[in-house]
Amino acid sequence: MSRESEQGMSVIVKTVTRLTVGLILLYGIYILSHGHLSPGGGFAGGVIIALSFVHLMLAYGKEVALRKLPRGAASFFESMGALMFLAISLLGFTAGTFFLNVLGKGEPFRLFSAGIIPLCNIAISLKVGAGLFAIFVALVLLKFESETKK
Amino acid sequence: MIELYILLIFMIVGAIIAVEMKDLLSSIVAVGAVGLALSIVFLILKAPDVAITQLVVELLALIILIRATLKRDLPFSTSGRWFLNTFITVIFIAVFLLIALVCLKDLPKFGYPIMRVSQEYLKDGLLKTGAPNIVAGIILDYRAYDTLGEATILFTAVMGVLAIARRVGRKREGQEDIEDKEEF
């Protein structure tokens, strides 16, 4: 994050953003990885992860945020999430039916438990987070282009 | 399972018709038929939540598409045929009331809903899924098919937004004036 960048909001906003954006990202990862234990899950975690990048874009302008996560990478992560979710669901066919929980259940109330549910949460969060960020980027670029036309 | 294949073939035929048709309104009607068949398919595959979502979204999208396609309002004449119109309306109301009379008898008593499935989830949820968060256990294990459908809907929505907002294929300056006016 370049401090000398002229684009974006004031120094106060930039400093607070630099201090908090990592924490927001970490909180999103916590929410999604503990989705099978505590409230939250893939969707909420993905939205929080997307919001951390949106936060970065609002404070520092679009160049800095797009350098951290380019548009092509967002599309790639979204497709990867969808394919991963489908692959997990097809994994159930190795033991019988669609979406069967083939992995071991493990010990309840532990982080590594509940078989495929944490993996599904990770896939959904990739899909939701990258998808929301891609929509935001698309709308931002669209708005800038129509403004330059005038 | 035979009705599933009939519906799938119907959907493929409808999609081909929707792509190949020259008239915009006809292709929108074909898209609506595909969406209706898709919601019935969801119902057959025991995913009623997605079926309801699909039906509602399909109706909304259909109304928006028809409104965006037509240049002016459809001619709607009520004069001269009031007897036929009233007759058909009364018949439809009567048929609906008869069917409702039969169906409403089977509903549970007010204040005593049937909670058999929920009881099952609460009793064996932790044992069967291994997830203490029962919501995650239900949406990703018991009802994972619904979640897959919803994820597909979200994926399609993102794809649609990116396709509309992309830069490729947009018209140049000066070229857009005439064609934009025709569309709206």
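Residues numbered from 1 in each chain as written. Chains lettered and ligands numbered in written order. Predicted model: local features only at pLDDT ≥ 70, side-chain atom pairs only at ≥ 80, totals over all residues.

Caption draft 1: Molecular detail of the interface of chain A and chain B. Contacts between the two partners involve 30 residues from chain A, matched on the other side by 20 residues from chain B. Mapped by element, the contributors of at least two residues to the side of chain A that touches chain B are helix 4 (71-91) and helix 5 (117-149) of chain A. The leading source of residues in the side of chain A that touches chain B is helix 5 of chain A, at eleven residues. (Contact = placed C-beta atoms within 7 Å. Helix = DSSP H or I, 4+ residues; strand = E, 2+ residues; numbered from the N terminus.)

Caption draft 2: Region of the structure containing helix 3 (residues 48-69) of chain B. Compared with an ideal rise of 1.5 Å per residue, which puts 22 residues at 32 Å, helix 3 of chain B spans 31 Å between its outermost C-alpha atoms and is within 8% of the ideal. Looking at the buried side of helix 3 of chain B, the elements it contacts are helix 2 (24-44) and helix 7 (144-165) of chain B. (Expected span 1.5 Å × (residues − 1).)

Caption draft 3: Region of the structure containing the nonpolar core. Formed by 45 residues in total, the largest nonpolar core has its most connected members in A:Phe85, A:Cys120 and A:Phe133. Of all the secondary-structure elements, those providing two or more residues to this core are helix 1 (11-33), helix 2 (42-60), helix 4 and helix 5 of chain A together with helix 6 (134-142) and helix 7 of chain B. In terms of residue count, helix 5 of chain A provides more of this core than any other element does, 14 residues in total. Once residues lying within four places of it in the same chain are set aside, the contact partners of A:Phe85 are A:Cys120, A:Ala123, A:Ile124, A:Lys127, B:Leu148 and B:Ala151. B:Ala37, B:Leu38, B:Ala47 and B:Ala51 belong to the second-largest nonpolar core, a separate cluster that totals six residues. (Core = buried A, V, L, I, M, F, W, Y, C linked by C-beta atoms within 7 Å. Buried ≥ 20, exposed ≤ 12 C-beta atoms within 10 Å, placed from the backbone.)

Caption draft 4: A look at helix 7 of chain B. Along its 22 residues, helix 7 of chain B runs 31 Å from first to last C-alpha, staying within 8% of the 32 Å computed at 1.5 Å per residue. Residues of helix 7 of chain B that are buried: B:Ala144, B:Asp146, B:Thr147, B:Leu148, B:Gly149, B:Ala151 and B:Val158.

Caption draft 5: Looking closely at the environment of B:Ala144. Position of B:Ala144 among the secondary structure elements: in helix 7. Residues within four places of B:Ala144 in sequence aside, it is in contact with A:Ser89 and A:Phe99.

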